[in-house]
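Breakdown of the fold
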Amino acid sequence: MFYREAGDFHTSYPSDNQTFPIRLDRYRYYAVLAVAFGVIPFLINDYWANAILLPFLIYSIAAIGLNILVGYCGQVSLGTGGFMAVGAYACYKFMTGLDIWLPTGPEGEYVRYALPEINIFFSVLLAGVVTAAVTVLFGLPSLRIKGFYLAVATLAAQFFLVWMFNRVAWFYNYSASGQINAPERGFLGIPVTGPATEAWATYLFCLIFTVGAAILARNLTRGTIGRTWMAIRDMDIAAEIIGVNPMRAKLTAFAVSGFLVGVSGALFFAVYLGAVEVGEVFGITKSFLVLFMIIIGGLGSIFGSFAGAAFLVLLPVFLKLLGVDLLGFPTDIVAHMQLIIVGALIVIFLIMEPHGLAQLWRVAKEKLRLWPFPH
Amino acid sequence: MLDQTEGYVTEDGRQIGGVVMEMKNITLRFGGVVAIKDISFDIREGEIRAIIGPNGAGKSSMLNVISGFYIPQEGEVWFRGSKRPPTRPYEVAQQGIARTFQNIALFEGMSVLDNVMTGRLTQMKSSIFHQALWRGKAEAEETANREIAEKIIDFLEIQHIRKTPVARLPYGLKKRVELARALAAEPKLLLLDEPMAGMNVEEKEDMCRFILDVNDEFGTTIALIEHDMGVVMDLSDRVVVMDYGKKIGDGTPDEVRANQEVIDAYLGVSHD
């Protein structure tokens, strides 16, 4: 009743292969895009941008990236935090001018040679490319090991990368604090990083990347590459027998996943936080947070990545609203309660619906097709 | 060079061509166990070739040698007139050999259509960047290959379950989907590992019809392993019989049926 697909016929394969084959879905998608680009920028304020929309958009990119690796290709990764850090630091180096020091001074002193500073938009993209390369490097063990063992190997990446960004001063441009701070940079003349940004500008900047990431991921997963990933995930022996090169399939998944995670790390640092201390921001908890997002949202689903990100971003905000503002509990108690409730909800969720929010959504659509008539 | 003789004409009047695949003195060992012992046979263009034998005779090992899972310690594999070096299974697939498995090896999380489309992989050449944008070559390629996949879906009469996730299908249909996936590759040689295992009579009849149709319509060369003797004798043009890793018979079904060694292997014989 609510969800009509009657009368929706396809007469060509391209039309059947669309992202949203059902007309109602398609219109809803356009409507969401129209609201996101045309309405929200006029209504947004700093609270909405910083508490809800920016983290949601940025975590969505990371969740889509991780979902490609874990949900579509079946390779478990616990290194997301470390890979986001790679994106953040790469973006920092590109936006402040990538430098090398060479002993070419008159008395063999080291002299700094630097690239010109790169526009923030391209810095973010390049950060994604660098992260893709690093992720592929740490994905190499996947050619030999699977499952939990691979997870442990990627865990090593997590700790190694955080250690490296803490130790090697070149990465944070030798700043005394060991932090990286995003200087003010603009895109098309509008500042999107640094202290003097407007909420709508940062929101739109992130939205462009999020929409791009979703379209990229959707196109890849519905085509040939996506099928090779899923084939490897479902049965790697059979995949190989019908011509999937397992090395290529796994490493492309690591690369695409790394690219998206890197972009999200870059945005997280440059646009959302503005200053980063690597151990705090990109620690192991971040890896687990993004992993929870895709497990709760639904493995192997782009929509699930969005749903999971929204769930874990909104839940603390909602609990704080409920606890502090409505019920008047002290803030610290609510903060602790938050941890307990989020944890309990995750456990309950996994028992009740192991396939995540995306599956709930599919079931709901299935029901709405027939409602209110049972047959 | 290989013996490229003319071939022969089957009882039902089909012309069988030259040698497609030749196994020469294949020996395969797992540690001390000799799974295949000095076996030679050939598969000719357009024929249905059966490999039979009691349990543990080494039939599946033989198929695994052909499809590149096992590298034999001794012997040569010749495919379409040239000797094949030790090859990874996906390279074997790219050369045009497709197969099905004894225990169904479908991609359970994907729809029937996606499974069949995966069979077209070796023909899909567009780069990851084209695919990411879903423009130009990638979309054209997707549509062209979809058409071929749909033809095979039509052929095997599984249109109605096209978009159903494979995990939801009953056993008989899964077997058919697996055949569809192998056929989608338009193989030059199709290997079927017990295509009728665990089926009831009706499903077996359907499967026999499909195998004959495939051979007839596409001229696909088929090598199959099967336990149902009735099926084997009906379907196949020539039969290889294995027992304990050795070849004990090779010829038309009638010849094999009359072979004393084969009868002994199947019915048992006292060894004193």
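Since the model is a prediction, treat every value here as computed from it, not as a measurement. (Residues numbered from 1 in each chain as written. Chains lettered and ligands numbered in written order. Predicted model: local features only at pLDDT ≥ 70, side-chain atom pairs only at ≥ 80, totals over all residues. Heavy atoms only, no water.)

**Concerning the pairing of strand β9 (residues 189-193) of chain B**
All names here are of chain B.
- In terms of burial, β9 is a largely internal element, five of the five residues being buried.
- Side chains Leu189, Leu191 and Asp193 of β9 all project onto a buried face; the interleaved residues Leu190 and Leu192 project onto the opposite face, where all are buried too.
- In this structure, strand β8 (residues 97-99) lies alongside β9, joined through three bridges in parallel fashion. Each bridged residue has a counterpart across the sheet, and for Ile97 the counterpart in β9 is Leu189. (Buried < 20%, exposed > 50% of the residue type's maximum accessible area, 1.4 Å probe, protein only. Helix = DSSP H or I, 4+ residues; strand = E, 2+ residues; numbered from the N terminus. Pairing = 2+ DSSP bridges.)

**A few points about the interface of chain B and chain A**
- Each partner contributes residues to the interface: chain B has 38 residues there, and chain A has 31 residues.
- Buried area between chain B and chain A, both sides added, is near 3000 Å², and the carbon and sulfur share of it is 64%.
- Between the two partners, chain B and chain A, sit three salt bridges.
- Across the pair Arg227(A) and Glu142(B) runs a salt bridge whose closest N-O atoms are separated by 3.2 Å. (Contact = heavy atoms within 4.5 Å. Buried area = accessible area lost by both parts, 1.4 Å probe. Salt bridge = Lys/Arg side-chain N within 4 Å of Asp/Glu carboxyl O.)

**A closer look at unusual backbone geometry**
Residues and elements named next belong to chain B.
- The phi angle at Arg80 is positive, at roughly 50°, despite the residue not being glycine.
- In this structure, Arg80 sits in the loop between β6 (74-79) and β7 (82-83).
- Looking at Arg80, the relative accessible area reads 49%, which means it is partly exposed.
- Look at Glu157: it is not a glycine, yet its phi comes out positive at around 55°.
- Summarising the element assignment, Glu157 is placed in the loop between α5 (137-155) and α6 (171-184).

**Focus: the domain arrangement of chain B**
All names here are of chain B.
- Splitting chain B by domain gives domain 1 (1-96 + 189-195 + 222-272) and domain 2 (100-186).
- Using only C-alpha atoms to locate each centre, domain 1 and domain 2 end up separated by 28 Å.
- On the domain 1 side of the contact with domain 2, Leu190, Asp193 and Glu194 bury the most area, a combined 49% of that side's loss.
- Summed over the shared surface of domain 1 and domain 2, the result is zero salt bridges.
- Taken together, domain 1 and domain 2 are joined by three residue pairs in polar contact (both at pLDDT 80 or more). (Domains from an automatic or database assignment. Polar contact = N/O pair within 3.5 Å; in protein donor to acceptor, adjacent residues only side chain to side chain.)

**Remarks on the nonpolar core**
- Ranked by size, the top nonpolar core spans 111 residues in total, and within it Phe205(A), Trp229(A) and Leu267(A) carry the most contacts.
- Broken down by element, the residue count for this core peaks at 16 residues, all from helix α3 (residues 46-72) of chain A.
- The residues touching Trp229(A), leaving out its near neighbours within four places in the chain, are Ile68(A), Tyr72(A), Cys73(A), Leu220(A), Thr221(A), Ala249(A), Thr252(A), Ala253(A) and Val256(A).
- The next biggest cluster of nonpolar side chains, apart from the first, holds 48 residues, and it includes Ala50(B), Met124(B), Ile152(B) and Phe210(B). (Core = buried A, V, L, I, M, F, W, Y, C linked by side-chain atoms within 4.5 Å.)

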